[in-house]
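Here is what each chain is made of, one letter per residue.
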Amino acid sequence: MRLLVTRPQPDADETAERLEALGHTAIVEPLTTIAFRPQPHFETAPEAIAFTSSNGVRVAAKWPATAAWREIPVFAVGAKTGAEARQAGFTDVRIAGGDLKGLVEMIIEGFQPDTGRLMHVAGRDRSGDLEGELRAQGFDVATLEAYAAVSADAFRQETRDAISSGAVDGALFLSRRSAAIFADLIVEAGLEESAKKLAFYAISEAASEPLRRFGVVQIAAHPDAASLIALIGR
């Protein structure tokens, strides 16, 4: 199949390589660009860190202050984020099952509210409310908006032509944000009828919602990239 990969770099290239190893052709069209923010001022050092994305790990790893926090507990939302944290030098990494619910449960079981502050390194645009759920359980949580996903203004001309001509068979979406941007750009480009011919693959129910106007969306069994690619197969 000829598949459109919409996630930001560097993850887009990684996904494209995995698809091509299965015999597909990947067209990389990142619909967001990740902009890291500089290290903020920390009045209180955290006693634990929660990461809900690999980009959170990547930006925190660049902060000079993080060098002193490598041995504190790190709670990662899923396997890829956990692997990124270990690669960044964190030594006590605990990995949840890939969604916010599992992450909240793991933190409640593995970190006592009276231990101190838990820092959530997050993006500007995020789904769910990790801080709110943990505060309701008595935790001291600080959310740092450490990066922003900047939306693409339009498709590249090559991508627009490929969708219009039927040279794309399907598209992958690993976030609701990218799916919503895609849907908006399709309408702006007048490509609704072409989009209705595509097969859509989404990482979660939430990510599928903006795409349903164009047709059926297949949803991964688990909210991770491996499950999404397994959904497509060879």
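Residues numbered from 1 in each chain as written. Predicted model: local features only at pLDDT ≥ 70, side-chain atom pairs only at ≥ 80, totals over all residues. Heavy atoms only, no water.

A. Spotlight on the pattern of salt bridges. Applying the stated criterion across every chain yields a total of 19 salt bridges. A salt bridge links Arg156 to Glu29; the nearest nitrogen and oxygen atoms lie 2.7 Å apart. Of this pair, Arg156 sits in the loop between strand S8 (141-151) and helix H6 (157-165) while Glu29 sits in the loop between strand S2 (25-28) and strand S3 (32-36), and the two are 127 residues apart along the sequence. Among the salt bridges present, the one from Glu84 reaches Arg58, with a minimum N-O distance of 3.4 Å. With Glu84 in helix H3 (residues 79-87) and Arg58 in helix H2 (residues 54-60), this residue pair connects regions lying 26 residues apart in the sequence. Judged by relative accessible area, Glu84 falls into the buried class, the value being 18%. Taking the relative accessible area as the measure of exposure, Arg58 reaches 14% and is therefore buried. Each of Asp11, Glu14, Arg58, Lys80 and Glu84 takes part in a single network of salt bridges with overlapping partners. (Salt bridge = Lys/Arg side-chain N within 4 Å of Asp/Glu carboxyl O. Helix = DSSP H or I, 4+ residues; strand = E, 2+ residues; numbered from the N terminus. Buried < 20%, exposed > 50% of the residue type's maximum accessible area, 1.4 Å probe, protein only.)

B. Up close: the environment of Thr44. Residue placement: Thr44 occurs in the loop between S3 and strand S4 (48-51). Its relative accessible area of 42% is what places Thr44 among the partly exposed residues. Taking the C-alpha atoms as reference points, Thr44 and Met119, 75 residues apart in sequence, are found 9.9 Å from one another.

C. Structural view of unusual backbone geometry. The peptide bond linking Gln9 to Pro10 adopts the cis configuration, its omega dihedral lying at 5°. Here Pro10 lies in the loop between strand S1 (2-5) and helix H1 (11-21).

D. Local environment of the pairing of S8. Direction of pairing for S3 relative to S8: antiparallel, over a ladder of five bridges. Among the inter-strand pairings, Thr33 is bridged to a residue of S8, identified as Val150. When strand S7 (residues 118-123) meets S8, the two strands line up parallel, connected through six bridges. Bridge assignment links Met119 to a residue of S8, and that residue is Ala142. (Pairing = 2+ DSSP bridges.)

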